[in-house]
Amino acid sequence: MIFEYFQYEFMQRALLSALVVGLCAPTVGVFLVQKRLALIGDGLGHVALTGVAVGFLTGAAPVWTTLAVTVAAAVVMELLRAKSKTSGDVALAMLFYGGLAGGVYLTGIASDKGIANLQQYLFGSLLTAGWSEVWTIVIGGAAVAVLMLVLRPWLTAICADEQYARVSGLPVAALNLLLLITTAVTVSVSMRAVGILLVSALLVIPVVTVQQFTRSFKTTMFASMAAGFLISGAGVLTSAAQDVPPGATIVLIGVAVFLATAVIAALTRRVRQTRRRHLPPEGEPLEVELPAKA
């Protein structure tokens, strides 16, 4: 039985970490998708590579150096977007290029200081995570989820109409900055689950999957949390059964679920459109053929 694997402590740690990340990442991702910043996770993921390299170079825990570097990058990106003539996509491109270049440069310097462990951060390594790392994921993920749930009405407002939110007196600049900072925290605590190169998937895939059927922002948020939870759990279970990397398995299952829901949603819309074409226009009575009098 597949559940026999979970008598081992390392599998218990892996499952707990994956479930927490799958539950919490979509709480940030739903706002990023709505603001058309779905690739921000990739940008901060590239910067996270620099943070990991700084950890190897200084001997500090990579999760903390990554958190510091990604938060700083998020602040710089928002300042570039808000205070200069630099557009959002250009600021995001600077994250990609600068983060990747910085990571490669510092990796070369730290080549003799444990850089062989870099792969577990690039692609995730849930099975080797210790309890200290698991609790970092749990505490960081819970903090992000609680903050997003508490601030949901205000963040929803700036996603729907930023100009109207500003006129209404909301601190739009502070909320945008806070959203990017929480994204940086999510990337930092999630990198051991799915890896730096795949972390953006858990921010986006559960959200765009449930958007095929949901209509309200609130429903999308909670449904995407449930979808992320189930996808992450299924990924760990599948990886245990097939002895494959859990991070990549989680993402592949997420992509498969999205494709399946997209096809179902498209077929459902086509059936509804077909039915509407066969109905009489609204307000016109149905023609009823009465039986002839004897």
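For the structure itself, look to the data block above.
Okay, so let's go over this structure. (Residues numbered from 1 in each chain as written. Predicted model: local features only at pLDDT ≥ 70, side-chain atom pairs only at ≥ 80, totals over all residues. Heavy atoms only, no water.)

1. Focus on the packing of helix α1 (residues 9-34) against helix α6 (residues 131-150)
- For the pair α1 and α6, interaxial distance at closest approach is 9 Å and the crossing angle is 25 degrees. Put simply, α1 runs roughly parallel to α6. You can see that α1 and α6 cross each other, and the crossing is left-handed. On α6, the residues that touch Glu9, Arg13, Leu16, Ser17, Val20, Val21, Cys24, Thr27, Val28 and Phe31 of α1 are Trp131, Val134, Ile137, Val138, Gly141, Ala142, Val144, Ala145 and Met148.
- Its residues placed into classes, the contact of α1 with α6 shows 14 nonpolar, three polar and two charged. (Axes fitted to C-alpha atoms, helices over the stretch in contact; angles between N-to-C directions. Helix = DSSP H or I, 4+ residues; strand = E, 2+ residues; numbered from the N terminus. Parallel < 35°, antiparallel > 145°, perpendicular 65-115°, else oblique. Left-handed = near helix turned anticlockwise from the far one by under 90°. Contact = heavy atoms within 4.5 Å. Nonpolar A, V, L, I, M, F, W, Y, C, P; charged D, E, K, R; others polar.)

2. A word on the packing of α1 against helix α10 (residues 199-210)
- Put simply, α1 and α10 touch, their axes get as near as 7 Å, and they point 75 degrees apart. Taken together, the axis directions place α1 and α10 in an arrangement best described as roughly perpendicular. Two secondary-structure elements touch here, α1 through Val21, Ala25, Pro26, Val28, Gly29, Val30, Leu32 and Val33 and α10 through Leu202, Leu203, Val204, Pro206, Val207 and Val208.
- A breakdown of the residues in the contact of α1 with α10 according to their chemical character gives 13 nonpolar, one polar and no charged.

3. A closer look at empty space enclosed by the protein
- Enumeration over the complete set of coordinates arrives at three cavities of 30 Å³ or more.
- Size it by volume and the largest cavity reaches roughly 50 Å³.
- Taken together, Lys35, Leu37, Met77, Glu78, Arg81, Asn176, Leu179 and Leu180 form the lining of the largest cavity.
- Looking at the lining of the largest cavity, the elements with two or more residues in it are α3 (62-83) and α9 (172-194). (1 Å grid on protein atoms, 1.4 Å probe; cavity = no way out; pocket = protein on both sides within 12 Å on 5 of 7 lines; lining within 4 Å. Points joined across faces, edges and corners; volume = space filled by probe spheres on them.)

Any functional reading would require information that these geometric values do not contain.
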